[in-house]
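# Structural overview
The chain contents come next:
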Amino acid sequence: MITATRYHDICAGHRVAGHENKCAHIHGHNYRFHFTVTAKELDDLGRVMDFSVIKAKLCDWLEDNYDHKFLMWKKDPLLEGMKKLVPDDIVVTPFNPTAENIAKHLVEIIAPKQLKGTNCQLIRCVIDETRKCSATYEV
Ligand SMILES: [Zn+2]
């Protein structure tokens, strides 16, 4: 299999509702997202997908939707209070916003919409929360 990978960095806040420890607190990360795409066949120039297209379709989506926002689970008991305080800063997610769940959401829900009309598929998303810790979702 041939793949093409590009990474992108954003800053975002979150908390993990129900976490046993520090991650239950409101905090943020300098996230690094690694996107790996594949295609059934290479294009005429020999590419899976031009790297600039990965940026336009996936990295720019992060810029527009998650960068400098606060990700909160729709079932987070603090959600309503936060929405009153900073309504423009909150991104409500259908999942508790762990790196694992964000990666799965990007691969299963966001990428198919963003890559529609191309012959490419996002098959792997790695999210670094810190330099030491990352989560991977791949199909
Ligand atoms: Zn965190």
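Every value quoted in this text rests on a predicted model; they were computed, and no experiment measured them. (Residues numbered from 1 in each chain as written. Predicted model: local features only at pLDDT ≥ 70, side-chain atom pairs only at ≥ 80, totals over all residues. Heavy atoms only, no water.)

### Some points on the coordination of the zinc ion
- Around the zinc ion, the protein contributes the donor atoms His14 (NE2), His27 (NE2) and His29 (NE2), which lie 2.0 Å from the metal centre.
- Read in sequence order, the donor residues coordinating the zinc ion give the pattern H-x12-H-x1-H. Linking His14 in strand β1 (residues 3-14) with His29 in strand β2 (residues 27-39), this pair joins segments that are 15 residues apart in sequence.
- Its relative accessible area of 13% is what places His29 among the buried residues. (Donors = N, O, S within 2.8 Å, 3.2 Å for Na, K, Ca; no water. Helix = DSSP H or I, 4+ residues; strand = E, 2+ residues; numbered from the N terminus. Buried < 20%, exposed > 50% of the residue type's maximum accessible area, 1.4 Å probe, protein only.)

### What about the packing of aromatic side chains?
- In the structure shown here, the tally under the stated rule is 3 aromatic pairs.
- With a centroid separation of 5.8 Å and an interplanar angle of 45°, the aromatic rings of Tyr31 and Phe33 are classed as tilted. With respect to class, Tyr31 is no different from Phe33; both count as buried.
- Their ring planes at 75° and their centres at 5.0 Å tell us that Trp61 and Tyr66 sit as a pair that is edge-to-face.
- The exposure class assigned to Trp61 is buried, which follows from its relative accessible area of 14%.
- For Tyr66, a relative accessible area of 3% puts it in the buried group. (Phe/Tyr/Trp six-rings, centres within 6.5 Å; stacked < 30°, edge-to-face > 60°.)

### A few points about the packing of helix α1 (residues 51-65) against helix α3 (residues 99-114)
- Contact pair α1 / α3: the axes reach a minimum separation of 9 Å and the direction vectors enclose 115°. When the axes of α1 and α3 are compared, the crossing they make is right-handed. Contacts between α1 and α3 pair Lys57, Leu58, Trp61 and Leu62 from the former with Leu106, Ile110, Ala111 and Gln114 from the latter.
- Residue composition of the contact of α1 with α3, by class: 6 nonpolar, 1 polar and 1 charged. (Axes fitted to C-alpha atoms, helices over the stretch in contact; angles between N-to-C directions. Left-handed = near helix turned anticlockwise from the far one by under 90°. Contact = heavy atoms within 4.5 Å. Nonpolar A, V, L, I, M, F, W, Y, C, P; charged D, E, K, R; others polar.)

### Looking at the nonpolar core
- Phe33, Phe35, Val37, Tyr66, Ile102, Leu106 and Ile127 are the most contacted members of the largest nonpolar core, which has 33 residues in total.
- Elements that contribute at least two residues to this core include exactly β1, β2, α1, α3, β5 (120-128) and β6 (134-138).
- For this core, the leading source of residues is α3, giving 7 residues.
- Apart from residues no more than four positions distant in its own chain, Phe35 is found in contact with Ala4, Thr5, Arg6, Ile54, Leu58, Cys59, Leu62, Leu106, Leu122, Arg124 and Cys125.
- Grouped together as the second largest cluster of nonpolar side chains are 5 residues, Phe70, Met72, Leu79 and Ile90 included. (Core = buried A, V, L, I, M, F, W, Y, C linked by side-chain atoms within 4.5 Å.)

### Notes on the layout of surface pockets
- If you add up the space inside the largest pocket, you get close to 220 Å³.
- Surrounding the largest pocket, His14, Val16, His19, Cys23, Thr98, Ala99, Glu100, Ile127, Glu129, Cys133, Ser134 and Ala135 form its lining.
- Elements that contribute at least two residues to the lining of the largest pocket include exactly α3 and β6.
- For the lining of the largest pocket, the per-class residue count stands at 6 nonpolar, 4 polar and 2 charged. (1 Å grid on protein atoms, 1.4 Å probe; cavity = no way out; pocket = protein on both sides within 12 Å on 5 of 7 lines; lining within 4 Å. Points joined across faces, edges and corners; volume = space filled by probe spheres on them.)

### So, the pattern of salt bridges
- Here the structure, examined in full by the defined rule, presents 8 salt bridges.
- The salt bridge involving Glu80 is made with Lys83; its shortest N-O contact spans 3.9 Å. With Glu80 and Lys83 both in helix α2 (residues 79-85), this residue pair falls 3 residues apart, about one helical turn.
- Where Glu108 meets Lys104, a salt bridge forms, and the shortest distance between an N and an O atom there is 3.3 Å. Placement of both Glu108 and Lys104 in helix α3 is noted, with a separation of 4 residues, approximately one turn of the helix.
- Taking the relative accessible area as the measure of exposure, Glu108 reaches 38% and is therefore partly exposed.
- One network of salt bridges, with partners in common, ties together Asp43, Arg47 and Asp50. (Salt bridge = Lys/Arg side-chain N within 4 Å of Asp/Glu carboxyl O.)

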